[in-house]
Amino acid sequence: MDATSFAKRAICQEDPFNPLITTGMQAACMLVISHIFHVILAPSGQTGPIANIIAGLVLGPSVLCRIKQLKEFFIQSSSIDYYIIIAFIFRVFFMFLIGLDTDVPYIRRNIRLSSIIAYSGIIVCTIFGGASAFFILHLLKFQYNKMLLVMIIPLILANSASPVVIRFASDMKIDTSDIGRLGICASLVNEMSCVLLYSIFIAFKSWTMFGHAFLCLFCVGALVIMNKYLASWFDKRNQNQKYVSNTEVLIIFIFVIATSVIIESHGYLSTLACFALGFLFPREGKTARTLLRKLKYSVNNFMLPIYFGYIGFQFDVLFFMTFDNVIMITLMILLSTGGKIVGTLVACHYLHIPKNEGVILAFILNLKGHTELIILELLPKILTWWSRRLHSLVIIVVVLDTLTAGLVVVFMLRTRESYFAHRYTELESHDTDDSELRILSCVYGSRHASAIVGLISSVGGSHSSPMSPYLMHLVELPDKRRKTKLMYHQLKDGDQFSDEEEYGGNDVLEINDVVDGFIAETKIMIHQIKVVSSYERMYEDVCSGAEDLRVSIIFIHLHKHQRIDEKLENGKDGIRASNQKILRHAPCSVGILVDRGHTGFKKPCLDSVQQVATLFFGGADDREALTCSKRIALHGYVKLTVIRFLPTTSKEKLTKWTNDASHKNDEVLLAISDPEAENDMDDACMGDFLSRYVKSGRVDYTEKFVNNGEQTAATLQELGDKYSLIIVGKGRRGLSPMLSGLSDWEECPELGKVGDLLASAELNISASVLVIQQHSTYSDKEVIDQDL
């Protein structure tokens, strides 16, 4: 189809009525049927793409379109061009969204692993496909250009559809797990490599196509540079707005679509270009946030369901009616599945990845339904001998491969649910240097944002320590029935009618500005989430979000806030109740921040080096606080001091142990002769910390010997003005002699005895306080309930 015909079809100049009605009704029917199947299949664990493809199968010539009247309405030759145009626009948008939403730090860290897995599958599938291609050609009775088809068949077998994989992983809630993220990354490497291979093949067909390749590269490069300036300009134009305007978003979309049209009009695929444009788009600022907001809803709820539905719509069960076709289809499915399994398992064996994870990765990478369909659109224009039988063969293989692989992965994930569940539910189980730390920080308003973002910055440690921070804005759902019964003058101070579409008010703008400033300065991406709920149910969103995101610690803000006179003032009771429920039900460790922003902790930077102290009394919570301090110690603008509190009676034994420790570098020393296992764990944890951080000079270490709570309180009073942040465990080990009498100060039991004292007005210190509670087993829940 030339450009003139394309334009006429686009503006409905030729036969404008029936094709539009057919296309619109087909899309609407696919959405309705997809929703019905999704409701039916969801309890069994089936995902959205499977329901969408089945909806297309039902609507297509296999079922409903076998009725003559429906077939005449839905399957019209005049509608084909509209399908092509819509599919092209959908591809542009969702590939741009995939690039924009890709986890760049994860890909950088795991590009070697994902490339080995992806290319192993490609190589084995290519070998299998090439070896069987001549047999398939014999069954097809194909006589023309056999070598070209021998190249196309392995490409179809080897390809993985990254949009299908991403949507599948999201629906199965494994997109934040190690196996899911590795599968997504490997599918992107696989698909982009196949597209690049196809582009190289097209480029070397003639000198003209080779020149067009440089033209396409120039257009993509120019738009990447232009997007950086446009994003910066749009951000400055909308400084007082939450998002950039629709006109500015439309300008970016027009440039992306125009570039894609230029690329495809010269015979190349725009898939790689659209992904690159999104991948290289500036992530910080209002422009990227607006694009994600606009695209995610429309792509996930409309574009992808219609796109997947159209895959099933092209499936024709009548193609199965001959024996030769059944053999060909079965053979290609077995080759595709077998090639992916063999190649992926070989790669996983080399990378020391467990076999059961390798099998799941193999089936995830066998999900198809993107590049193959694009190639099917282009081949009839390039190859005059391309037949409808070949087209039907590829479509059926794509549909059955995706359905089979999806069902197998769902079955394996459901039968081995405990194996693939979140493992790192506390910081102590992490290796500080290698494993990625996932944090969920919650803010109730804009006044909490600076302190929480500063805490994220410090816990992030050095740039070599991988971290994925999430910021959840918790917005109270207003009780409209209560408000509408009040006159304006009866509203309390700060109370107002909330706009249903703009919950959070100006807090959203202020939080976004703080996050944007942090991202621009550190290049660490903070993923933002907004939750609107009542305080009674808010903890459910936080806990389910922590489980889905697989975080190891949740940071929440105490219900108190510091006034201008540096006193702590109580906030809403709903915030306190929400915090207590989060502590009780959290699937991971929890840290409560007592923010004294005027006098206490601020974001570490060159002009503001922060003095931080970690208090260690012993117990699981204090060990968790010490592990958190390891991350903070790696930050270049934080000076950390660890202070261990010990009974005076153990001073002589500890002095002897410390002297012995100086002569033993590689041995984990068990300290004081307390036979209890908990004390042994404390001493082992502290011994490891001393050998790794104190002896190297990164951290200062000191001991304080006290006999009772009064001496402990006096010591804490001295520390309060020396440090900007004090980290301490909540402490659930029972009554220690060092803490006896501290219950007299009890005001916030959710902070524990020491944390409550540090946050109280009686102590009158200037430092912020971070109280950490380690994730508890079921048997420990009773202790937490008693504390609250």
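Along each chain, residue indices are assigned from 1 in the same order as the chain's sequence is written. Predicted model: local features are reported for residues with pLDDT of at least 70 only, side-chain atom pairs are reported and counted for 80 or more only, and whole-chain, interface and lining totals are derived from all residues. Calculated side-chain values reflect all of the structure's heavy atoms, with hydrogen atoms and water omitted.

Asker: Describe the confidence of the model for the protein chain, with residues and values.
Answerer: On average, residues of the protein chain carry a pLDDT of 80, and 83% of them reach 70 or more. Note: pLDDT gives the predictor's confidence per residue, expressed from 0 to 100. Residue contacts follow a heavy-atom distance rule, with two residues in contact if any of their heavy atoms lie within 4.5 Å. Within the model, pLDDT remains below 50 along residues 6-13, and this stretch shows 13 contacts once partners closer than five positions in the same chain are excluded. Long-range and interchain partners of residues 481-501, a stretch whose pLDDT sits below 50, account for 14 contacts in this model, where long-range means more than four residues apart.

Asker: Quick one: what's the story with the packing of aromatic side chains, residue by residue and with numbers?
Answerer: Under the pairing criterion, centres of Phe, Tyr and Trp rings, with the six-membered ring standing for Trp, must be within 6.5 Å; the plane angle then separates stacked pairs below 30 degrees from edge-to-face pairs above 60, leaving the rest tilted. Applying the stated criterion across every chain, the model contains 14 aromatic pairs. A centroid spacing of 5.6 Å and a plane angle of 55° characterise the contact between phenylalanine 204 and phenylalanine 210, whose relative ring orientation is tilted. Here's how the labels work: a residue is buried when its accessible area is under 20% of the maximum for its type, exposed when over 50%, partly exposed in between, all with a 1.4 Å probe on protein chains only. With relative accessibility at 63%, the residue phenylalanine 204 sits in the exposed group. Among the aromatic residues, those joined into a ring-pair cluster are Phe204, Trp207, Phe210 and Phe214. Against the face of tryptophan 233 rests arginine 237, its NZ or CZ located 5.3 Å from the ring centre. The rule is short: NZ of Lys or CZ of Arg within 6 Å of the ring centre and within 35 degrees of the ring normal puts a charge over the ring. Directly above the ring of tyrosine 243 sits arginine 293, whose terminal nitrogen or CZ lies 4.4 Å from the centroid.

Asker: Explain the side chain of histidine 557 to me, using residue names and the numbers behind them.
Answerer: Secondary structure elements follow DSSP: runs of H or I of four or more residues count as helices, runs of E of two or more count as strands, with numbering from the N terminus. Looking at the element boundaries, histidine 557 is found in strand S4 (residues 553-557). Setting aside chain neighbours within four positions, we find histidine 557 in contact with Cys442, Tyr444, His448, Ile575, Asn579, Leu593 and Asp595.

Asker: Could you give me a rundown of the pairing of strand S8 (residues 610-616), with the residues and numbers involved?
Answerer: The buried fraction of S8 is high, at six of seven residues. Whether two strands pair comes down to DSSP finding at least two bridges between them. Two strands pair when backbone bridges link them, and S8 and strand S9 (residues 638-647) are joined in this way by seven bridges, in the parallel orientation. Pairing of phenylalanine 616 across the sheet is with arginine 644, part of S9. Orienting the strands away from the viewer, one traces the path from the first strand over the helix to the second; a clockwise path indicates a right-handed crossover. After leaving S8, the chain enters helix H23 (residues 620-633) and then returns to the sheet as S9, a path that is right-handed.

Asker: An account of the packing of helix H11 (residues 246-265) against helix H13 (residues 286-313) is needed here, citing residue identities and associated values.
Answerer: Interaxial angles span 0 to 180 degrees and are taken between N-to-C directions of axes, which are lines fitted to C-alpha atoms, for helices over the stretch in contact. Put simply, H11 and H13 touch, their axes get as near as 11 Å, and they point 85° apart. One finds that H11 runs roughly perpendicular with respect to H13. The segment H11 lies against H13, with Asn246, Val249, Ile252 and Phe253 engaging Thr287, Thr290, Leu291, Lys294 and Leu295. Residues belonging to the contact of H11 with H13 are distributed by class as follows: five nonpolar, three polar and one charged. Orientation is classified from the angle alone, with under 35 degrees giving roughly parallel, over 145 giving roughly antiparallel, 65 to 115 giving roughly perpendicular, and any other angle giving oblique. Three classes are used, and their members are as follows: Ala, Val, Leu, Ile, Met, Phe, Trp, Tyr, Cys and Pro are nonpolar, Asp, Glu, Lys and Arg are charged, and the others, Gly among them, are polar.

Asker: How would you summarise the state of the cysteines if you had to cite specific residues and measurements?
Answerer: Cysteine sulfur atoms that pair up within 2.5 Å are treated as a disulfide. Under the counting rule described, the total for this entry stands at zero disulfides. Take cysteine 29: it sits in no disulfide, and the sulfur closest to it among the cysteines is that of cysteine 65, at 9.4 Å. We classify cysteine 29 as partly exposed; its relative accessible area is 21%.

Asker: Describe the side chain of arginine 91, listing the residues and the values that go with them.
Answerer: Within the secondary structure layout, arginine 91 lies in helix H5 (residues 80-100). When sequence neighbours within four positions are dropped, the list of residues in contact with arginine 91 reads Glu264, Tyr307, His370, Ile374 and Glu377.

Asker: Would you mind going over H23 in detail, with residue names and values included?
Answerer: For a helix, the expected span equals 1.5 Å multiplied by the number of residues minus one. The end-to-end C-alpha distance of H23 is 20 Å, a good match for the 20 Å that 14 residues give at a rise of 1.5 Å each. Here H23 lies mainly inside the structure; 13 of its 14 residues are buried.

Asker: So what's going on with the pairing of strand S1 (residues 437-443)? Residues and values would help.
Answerer: Taking burial as the measure, the seven residues of S1 include seven buried ones, the bulk of the element. Of the two faces of S1, the one carrying Leu437, Ile439, Ser441 and Val443 and the one carrying Arg438, Leu440 and Cys442 are both buried. As paired strands, S1 and strand S2 (residues 467-476) are joined by seven bridges and run parallel to one another. Paired with arginine 438 across the bridge in S2 is serine 468. In terms of strand pairing, S1 meets S4 through three bridges, oriented parallel. Bridging across to S4, isoleucine 439 finds its partner in isoleucine 553.

Asker: Can you tell me about the sheet that holds strand S7 (residues 589-594), naming the residues and giving the values?
Answerer: With respect to topology, 10 strands assemble into an open sheet ordered S3-S2-S1-S4-S7-S12-S11-S8-S9-S10, the strand pairing being mixed. At either margin of the open sheet sits one strand with a lone partner, and together these are strand S3 (527-533) and strand S10 (699-706). Across the sheet, the axes of successive neighbouring strands diverge by a mean angle of 20°, strand direction being ignored. Running over the sheet, helix H20 (residues 507-522) touches S1, S2 and S3 and is turned about 165° from S2.

Asker: Now, about the environment of leucine 331: what can you tell me, with residues and values included?
Answerer: Tracing the backbone through its elements, the reader meets leucine 331 in helix H14 (residues 323-351). When its relative accessible area of 22% is taken as the criterion, leucine 331 is described as partly exposed. Between the C-alpha atoms of leucine 331 and glycine 129, which are 202 residues apart in sequence, the distance is 9.9 Å. With sequence-adjacent residues up to four places away left out, leucine 331 is seen in contact with Ser132, Phe135 and Ile136.

Asker: Go over a nonpolar patch on the surface, please, and point to the residues and values.
Answerer: Patch membership is restricted to residues that have no salt bridge and whose relative accessible area is over 30%. Joining uses 9 Å for like charges and 5 Å for the nonpolar side chains Val, Leu, Ile, Met, Phe, Trp and Tyr. For every accessible area listed, the method is Shrake-Rupley and the probe measures 1.4 Å; residues are considered covered only by the protein chains on display. Only one rule defines a salt bridge in this text: a Lys or Arg side-chain nitrogen within 4 Å of an Asp or Glu carboxyl oxygen. A cluster of nonpolar side chains, namely Val32, Ile36 and Ile40, defines an oily patch on the protein surface of about 280 Å² accessible area. Mapped onto the elements, valine 32 comes out in helix H2 (residues 18-41).

Asker: Requested: an account of the pattern of salt bridges, with residues and values cited.
Answerer: Across all of its chains, the model carries 21 salt bridges by this definition. With a closest N to O distance of 2.6 Å, aspartate 516 and arginine 289 form a salt bridge. In this pair, aspartate 516 is assigned in helix H20 and arginine 289 in helix H13, connecting sequence segments 227 residues apart. Arginine 289 gets classed as buried once you look at its relative accessible area, which sits at 14%.

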